[in-house]
Amino acid sequence: MAKGPGDVPEREVVGLWQQRLAQGQALTTTAGQRLKVVYPGRASGGDGPDFRDAVLVLGRERQLKGDIELHVRSGQWWQHGHHRCPSYNNVVLHVVLWDDAAAPARLENSRSAPVLAL
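What comes next concerns the included structure. Everything numeric here is computed off the predicted structure, so don't read it as measured data. (Residues numbered from 1 in each chain as written. Predicted model: local features only at pLDDT ≥ 70, side-chain atom pairs only at ≥ 80, totals over all residues. Heavy atoms only, no water.)

### Digging into the overall build of the chain
- Counting its regular elements, the chain contains two helices and nine strands.
- Ordered by position from the N terminus, the helices and strands of the chain form the series α-β-β-β-β-β-α-β-β-β-β.
- A compact globule built from 118 residues should have a C-alpha radius of gyration of about 13 Å, and the chain, at 13 Å, falls within 12% of that.
- Its C-alpha atoms give the chain principal-axis dimensions of roughly 40 × 35 × 30 Å.
- With 118 residues in all, the chain has 40% of them scored as buried. (Helix = DSSP H or I, 4+ residues; strand = E, 2+ residues; numbered from the N terminus. Rg over C-alpha atoms; globule rule 2.2 N^0.38 Å. Buried < 20%, exposed > 50% of the residue type's maximum accessible area, 1.4 Å probe, protein only.)

Here it is in structure tokens:
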């Protein structure tokens, strides 16, 4: 039986993310942009984004440096209040298992971060 969004712990999303990186699989954001991970960041282990100081290339040449946040569903970005929290203003990628919000992750500073659905 397939798992649904309520059945998967977030740590499994972290594992899938790391597995995809280790396998060198091609990544594409929900907006259709190619994504290359130069450096996946370091696990934060505390409050705030899950990985810090990542380096990504979006499209052909747009380099992004910042944090990565992971969730089971993209709508959890808003449920957890990240759009109102300055601690998440450096997020450059929102990695999710399911994209149920169909929108980029809006940051408190009015910028947005692309979404990658695994």
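Now that the structure has been shown, we can carry on.
### Here's the deal with the pairing of strand 2 (residues 34-39)
- For strand 1 (residues 27-28) and strand 2, the ladder comprises two bridges, and the chain directions are antiparallel. Paired with leucine 27 across the bridge in strand 2 is leucine 35.
- Two successive antiparallel strands, strand 1 and strand 2, enclose a turn made up of five residues, where glycine 32 displays a positive phi of approximately 85°.
- Across four bridges, the pairing between strand 2 and strand 4 (residues 51-58) is antiparallel. Bridge assignment links valine 37 to a residue of strand 4, and that residue is leucine 56. (Pairing = 2+ DSSP bridges.)

### Some remarks on the pattern of salt bridges
- Per the counting criterion, the structure on display carries three salt bridges.
- A salt bridge links arginine 42 to aspartate 53; the nearest nitrogen and oxygen atoms lie 2.8 Å apart. A residue pair is termed long-range when its members are at least 10 positions apart, and arginine 42 in strand 3 (residues 42-43) and aspartate 53 in strand 4 qualify at eleven residues.
- Of the charged contacts in the structure, one is a salt bridge between arginine 73 and aspartate 100, with a shortest N-O distance of 3.2 Å. (Salt bridge = Lys/Arg side-chain N within 4 Å of Asp/Glu carboxyl O.)

### Comments concerning helix 1 (residues 10-23)
- Between its terminal C-alpha atoms helix 1 stretches 20 Å, which fits the 20 Å expected from 14 residues at 1.5 Å a residue.
- Taken as a whole, helix 1 has its buried residues at Val13, Val14 and Trp17. The arc that holds every buried residue of helix 1, seen down its axis, measures 105°, which confines them to one face. Across helix 1 from its buried face, at more than 90 degrees, point the exposed residues Arg11 and Ala22.
- Contacts made by the buried residues of helix 1 are with strand 1, strand 2, strand 4, strand 5 (62-73), strand 6 (91-98) and strand 9 (115-117).
- At the exit of helix 1 stands glycine 24, carrying a positive phi of roughly 65°. (Expected span 1.5 Å × (residues − 1). Arc of directions from axis to C-beta. Contact = heavy atoms within 4.5 Å.)

### A word on the pairing of strand 5
- Counting buried residues in strand 5 gives nine out of twelve residues, a clear majority hidden from the surface.
- Direction of pairing for strand 4 relative to strand 5: antiparallel, over a ladder of six bridges. From the neighbouring strand, leucine 56 faces strand 5, where its bridge partner is leucine 64.
- Counted along the chain from strand 4 to the antiparallel partner strand 5, the turn is three residues long, and its residue glycine 59 has a positive phi close to 70°.
- Pairing of strand 5 with strand 6, which is carried by six bridges, proceeds in the parallel orientation. Counted as the bridge partner of isoleucine 68 is leucine 93 from strand 6.

### Structural notes on the packing of aromatic side chains
- What the rule picks out here adds up to one aromatic pair.
- Pairing tryptophan 77 with tyrosine 88 gives two aromatic rings, centres 5.9 Å apart and planes at 80°, and the pair type is edge-to-face. Of this pair, tryptophan 77 sits in helix 2 (residues 76-79) while tyrosine 88 sits in the loop between helix 2 and strand 6; the two residues are eleven residues apart in sequence, bridging distant segments of the chain. (Phe/Tyr/Trp six-rings, centres within 6.5 Å; stacked < 30°, edge-to-face > 60°.)

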